[in-house]
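Here is what each chain is made of, one letter per residue.
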Amino acid sequence: MRAKRKQKLFVVLGLVSLAAIAVGLTLYALRSNINLFFSPVQIAAGDAPLERQIRAGGMVKAGSVDRDKQSLEVTFTVTDYVDELEVRYSGILPDLFREGQGVVVVGQLQQGGWLRADQVLARHDENYMPPEVAQALEEAGYAPEDYQAKAEEVGKKMDAQAKDSGDGRSN
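What counts and what doesn't
Residues numbered from 1 in each chain as written. Predicted model: local features only at pLDDT ≥ 70, side-chain atom pairs only at ≥ 80, totals over all residues. Heavy atoms only, no water. Phe/Tyr/Trp six-rings, centres within 6.5 Å; stacked < 30°, edge-to-face > 60°. Lys NZ or Arg CZ within 6 Å of the ring centre and 35° of its normal. Salt bridge = Lys/Arg side-chain N within 4 Å of Asp/Glu carboxyl O. Buried < 20%, exposed > 50% of the residue type's maximum accessible area, 1.4 Å probe, protein only. Helix = DSSP H or I, 4+ residues; strand = E, 2+ residues; numbered from the N terminus. Core = buried A, V, L, I, M, F, W, Y, C linked by side-chain atoms within 4.5 Å. Contact = heavy atoms within 4.5 Å. Polar contact = N/O pair within 3.5 Å; in protein donor to acceptor, adjacent residues only side chain to side chain. Patch = residues over 30% accessible without salt bridge, like charges linked within 9 Å, V, L, I, M, F, W, Y side chains within 5 Å. Areas by Shrake-Rupley, 256 points an atom, 1.4 Å probe, with all protein chains shown as cover.

Draft legend 1. Main features of the packing of aromatic side chains. Summed over the entire model, instances satisfying the criterion amount to 1 aromatic pair. One cation-aromatic arrangement involves Arg88 over Trp114; the distance from NZ or CZ to the ring centre is 3.9 Å.

Draft legend 2. Geometry of the pattern of salt bridges. Tallied over the entire structure, the rule returns 2 salt bridges. The salt bridge partner of Arg88 is Glu86, with a shortest N-O separation of 2.9 Å. By relative accessible area, which is 31% here, Arg88 ends up partly exposed. Taking relative accessible area as the criterion, Glu86 reaches 32% and is therefore assigned partly exposed.

Draft legend 3. Just unusual backbone geometry, in detail. At Glu51, a residue that is not glycine, the phi angle is positive and equals roughly 50 degrees. Relative to the assigned elements, Glu51 resides in the loop between helix 2 (40-44) and strand 2 (53-60). The residue Tyr81 is not glycine, and still its phi comes out positive at about 65 degrees.

Draft legend 4. Expanded view of the nonpolar core. Residues Ile43, Phe76, Val87, Phe97, Val105 and Val120 are the most contacted members of the largest nonpolar core, which totals 21 residues. Counting residues per element, the ones that place at least two in this core are strand 2, strand 4 (73-79), strand 5 (84-90), strand 6 (102-109) and strand 7 (115-122). The leading source of residues in this core is strand 7, at 4 residues. Setting aside residues no more than four positions away along its own chain, Phe97 makes contact with Val60, Val65, Arg67, Phe76, Val103, Val120 and Ala122.

Draft legend 5. Representation of the environment of Gln42 in the model. For Gln42, the location among the structural elements is in helix 2. Relative accessible area serves as the criterion here: at 18%, Gln42 is assigned to the buried category. Along the chain, Gln42 and Ala56 lie 14 residues apart, while their C-alpha atoms are 9.5 Å from each other.

Draft legend 6. Region of the structure containing the environment of Leu109. Relative to the elements of secondary structure, Leu109 occurs in strand 6. C-alpha of Leu109 to C-alpha of Glu51: the two residues are 58 residues apart in sequence and 5.3 Å apart in space. Setting aside chain neighbours within four positions, we find Leu109 in contact with Ile43, Ala48, Pro49, Leu50, Glu51, Arg52, Ile54, Leu85, Trp114 and Leu115.

Draft legend 7. Inspection of the side chain of Thr79 at higher detail. Take Thr79: it is sitting in strand 4. Classification of Thr79 as buried rests on a relative accessible area of 4%. For Thr79, the side chain forms a polar contact with the main-chain oxygen of Asp83, separated by 3.1 Å. Residues contacting Thr79, with those up to four places away along its chain left out, are Pro40, Gly58, Met59, Lys61 and Glu84.

Draft legend 8. Looking closely at a nonpolar patch on the surface. On the surface, Val11, Leu15, Leu18, Ile21 and Leu25 cluster together to form a nonpolar patch covering roughly 510 Å² of accessible area. Tracing the backbone shows Val11 in helix 1 (residues 3-31).

In short, geometric facts, not functional conclusions.
Following this line, the structure appears as structure tokens:
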């Protein structure tokens, strides 16, 4: 092989090696930013990784919200009406957060089967079901429409309770 050909071969191999290293480093850096979505059914089945950033979603179970009066700690249960997931969050919840509400939480699943949330996202419509939850339910063989009807029923019950508690107050 001639010297010029050998030199071109080394240059090409060097560029390919540098490109492979750059792609590898980019994928390694992005690996920690990937948030996979899991429903309570999938988490109960053991599909979700422990102590790794994930997104989980469903409806806030009626009667499950427990607020600590001394701090911003909140514990609540997210359900897809098949399985449930306990969520612990420290911080200010969105204004639209309430029981019977569709939510997506971002956090880490802990050894005890509960999720330590870093972020809570909520929508205003009690009929709302996050698209990821609907897709996960369909894949598990459940119909999201059944759960939306259940969520609407829970939302109406919560509205009626709020209205009843508001009637007894005097200004």
